[in-house]
Every structure is written in structure tokens, then in C-alpha cells.
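Summary of the model geometry
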Amino acid sequence: DTEVTQTPKHLVMGMTNKKSLKCEQHMGHRAMYWYKQKAKKPPELMFVYSYEKLSINESVPSRFSPECPNSSLLNLHLHALQPEDSALYLCASSQGPGLNTEAFFGQGTRLTVV
Amino acid sequence: EDQVTQSPEALRLQEGESSSLNCSYTVSGLRGLFWYRQDPGKGPEFLFTLYSAGEEKEKERLKATLTKKESFLHITAPKPEDSATYLCAVQALGSQGNLIFGKGTKLSVKP
């Protein structure tokens with residue numbers, strides 16, 4: 001089973017709203033990632049969680065707040081977003097940092113900020 | 001700085017017309033090179049991992065190869081369902097497993 005599940009698939013939110021994106025994997029992976037993908041651009045790394053601890057934050061604005069409750073779950077809390085934050089948000093997981101293994105991606109959450 | 005460059009940006013083929021996509025990379029130390037397929041509005045779907053120069057992997061009509069500076073994704077006798085954006089990504093030694101992506105090649109296969 002190489003499945004990463006993201007919910008919701010689509011989200012429309014206002015600039016004053018608070019919402020959360022959710023990601024779940026049951027592959028026993030110990031590293032999880034959030035990527036942001038704008039239209040016709042490649043995915044760009046936002047956060048890396050390794051063994052449930054944040055190990056990389058690529059200078060992402062504080063209006064994005066990640067949370068890793070356990071090794072299977074990864075959330076991304078959103079608050080006071082801007083229209084330019086509209087994008088496809090992708091979650092991925094891999095066996096672990098420093099290991100020669102591929103990352104598997106979820107189907108993404110299409111976020112629109114109005 | 002680690003960098004991935006893919007060419008061409010877009011490729012149009014007739015069904016059955018074989019071709020190759022290129023991925024050139026600059027990385028301080030390569031842990032792995034990955035090929036993904038992405039359909040519009042969907043997440044990237046894993047295709048191949050290559051770890052060392054000379055390595056080759058095959059899956060159906062696709063074959064990926066790796067040298068010390070670039071990788072090729074060869075598509076043999078493509079079908080319309082092969083139409084997608086193909087992304088190349090590298091993982092650097094010492095990284096936390098994060099991927100550095102190229103901008104992708106958008107492949108269109110006409111019947």
C-alpha cells in the first residue's frame with residue numbers, strides 16, 4: 001500500500017478564516033513533508049518532519065503552521081492567508097531522512113484564498 | 001546551489017513516436033534521482049529511483065537512465081494515456097530527504 005491520503009481535496013477560504021489541511025499515511029514512514037505547488041510550477045518544499053520533529057522549515061511565513069501529532073499524521077494549520085497563497089498543497093512521506101527511498105505523494109489539496 | 005533543469009518544456013508526439021526527455025542536474029552529492037508523472041490537479045506519481053551512474057530502470061513503455069550529469073526518460077511507442085507532465089527531482093546527500101524538482105516536461109501524445 002503506497003497511499004498518502006489528503007483531506008480536503010478542495011478548500012476555499014477567506015483571508016480571515018482559520019482552516020487545517022490533513023495528511024495521513026499507513027506505510028510506517030518516519031518522514032513527512034509539505035510541498036506547495038503553484039500552477040505550471042514544480043513543487044517547492046515548505047516543511048520536513050523527521051520522526052515527528054520539525055527538521056526543516058524553508059522560511060515559510062508564520063501564517064502556515066505545521067503539526068505532526070504522530071508518525072502517521074501531518075496537519076497544516078492555515079490562518080490569515082493571502083490570495084497569493086492559493087495553490088496545490090501536497091503532502092508526501094518517505095521511509096526516513098537519510099535513507100535511499102522514494103517519497104510518495106498524496107493527491108493534494110487545492111486551496112483558493114478569496 | 002543544487003539545481004535541476006529539464007528539457008524540453010513541452011513535447012508533442014504522435015502515438016507510436018518514440019522520444020526522450022532530459023534532466024540535467026547539479027548537486028553537491030547525489031543520493032538519488034527520481035522521476036514522477038503528474039496529471040493536472042493531481043499529486044506526483046512515483047515512477048523510478050536511480051542512485052548511481054550507469055543504472056537503468058524500466059516500466060512498461062518507460063525507461064530511465066542515469067549518468068553523472070543527467071538522466072533520460074525514454075518513451076517507446078507512446079500512447080495517448082502517457083500524456084502528462086514528467087517531473088525529475090534530486091535528493092542530495094546530507095539532506096532530510098527533501099526533493100529538488102525541475103520544472104517538468106509536459107508530454108502530449110496524439111492518436
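How each quantity is defined
Residues numbered from 1 in each chain as written. Chains lettered and ligands numbered in written order. Predicted model: local features only at pLDDT ≥ 70, side-chain atom pairs only at ≥ 80, totals over all residues. Heavy atoms only, no water. Pairing = 2+ DSSP bridges. Helix = DSSP H or I, 4+ residues; strand = E, 2+ residues; numbered from the N terminus. Axes fitted to C-alpha atoms, helices over the stretch in contact; angles between N-to-C directions. Disulfide = S-S within 2.5 Å. Contact = heavy atoms within 4.5 Å. Salt bridge = Lys/Arg side-chain N within 4 Å of Asp/Glu carboxyl O. Polar contact = N/O pair within 3.5 Å; in protein donor to acceptor, adjacent residues only side chain to side chain. Nonpolar A, V, L, I, M, F, W, Y, C, P; charged D, E, K, R; others polar. Patch = residues over 30% accessible without salt bridge, like charges linked within 9 Å, V, L, I, M, F, W, Y side chains within 5 Å. Areas by Shrake-Rupley, 256 points an atom, 1.4 Å probe, with all protein chains shown as cover. Lys, Arg positive; Asp, Glu negative; His and termini not counted. Charge placed at Lys NZ, Arg CZ, Asp CG, Glu CD. Buried < 20%, exposed > 50% of the residue type's maximum accessible area, 1.4 Å probe, protein only. Phe/Tyr/Trp six-rings, centres within 6.5 Å; stacked < 30°, edge-to-face > 60°.

Once that is clear, we can look at the sheet that holds strand β3 (residues 18–25) of chain A. Adjacent strands of a sheet pair through backbone hydrogen bonds, lying either parallel or antiparallel. Residues and elements named next belong to chain A. Spatial strand order, β1-β3-β8-β7: 4 strands in an open sheet with antiparallel pairing. Only two strands of the sheet have a single partner each, and these edge strands are β1 (4–7) and β7 (64–70). Shown here is a sheet whose adjacent strand axes are inclined to one another by a mean of 20 degrees, direction ignored. Where β7 meets strand β8 (residues 73–79), 5 bridges bridge the pair, whose relative direction is antiparallel. Along β8, the bridge assignment pairs S65 with H77.

With that out of the way, let us pick up the state of the cysteines. Residues and elements named next belong to chain A. Following the criterion strictly, the structure yields 2 disulfides over all chains and no others. With its sulfur 1.9 Å from that of its partner, C23 forms a disulfide with C91. Handedness of the C23-C91 disulfide follows from its S-S torsion of about -75 degrees: it is left-handed. Here the residue C23 occupies a position in strand β3, and C91 occupies one in strand β9 (residues 87–94), the gap between them amounting to 68 residues.

Residues and elements named next belong to chain B. A sheet is described by the order of its strands in space; here 5 strands give the open sequence β1-β3-β8-β7-β6, paired in antiparallel fashion. For this open sheet the edge positions go to β1 (3–7) and β6 (56–59), each flanked by a neighbour on one side alone. The sheet shows a mean angle of 15 degrees between the axes of neighbouring strands, direction not considered. Note: β1 against strand β3 (residues 19–26), 5 bridges, orientation antiparallel. Bridge pairing links T5 to S24 in β3.

Turning our eyes to something else, we now look at the interface of chain B and chain A. Each partner contributes to the interface: chain B provides 21 residues, whereas chain A provides 24 residues. Where chain B touches chain A, the interface holds 0 salt bridges. At the junction of chain B and chain A, the tally comes to 5 residue pairs in polar contact (both at pLDDT 80 or more). Elements with a minimum of two residues in the side of chain B that touches chain A: β4 (30–38), β5 (45–50) and β9 (84–92) of chain B. Of the residues forming the side of chain B that touches chain A, the biggest block, 4 residues, is contributed by β4(B). The residue inventory of the side of chain B that touches chain A, partitioned by class, reads 8 nonpolar, 10 polar and 3 charged.

Let us look at the pairing of β3(B). For β3(B) and strand β8 (residues 70–75) of chain B, the ladder comprises 6 bridges, and the chain directions are antiparallel. Bridging from a neighbouring strand, N22(B) pairs with F72(B) of β8(B).

What follows deals with a positive patch on the surface. Judged by side-chain charge, K40(A), R12(B), K106(B) and K110(B) come together as a positively charged surface patch. The exposure class of K40(A) is exposed, given its relative accessible area of 85%.

Quick look at the packing of aromatic side chains now. Tallied over the full model, the rule gives 9 aromatic pairs over all chains. Note on Y35(A) and F101(B): the rings are 6.0 Å apart at their centroids and 85 degrees apart in plane angle, and the pair reads as edge-to-face. Remark: F101(B) occurs in strand β10 (residues 100–101) and Y35(A) occurs in strand β4 (residues 31–37); the pair is interchain, linking two chains. Considered together, Y35(A) and F101(B) belong to a single accessibility category, that of buried residues. Between F105(A) and F101(B), the aromatic rings sit 6.1 Å apart at their centres with planes inclined by 65 degrees, giving edge-to-face as the arrangement. Linking F105(A) in strand β10 (residues 104–105) with F101(B) in strand β10, this pair reaches from one chain into another. With a relative accessible area of 7%, F105(A) lands in the buried category.

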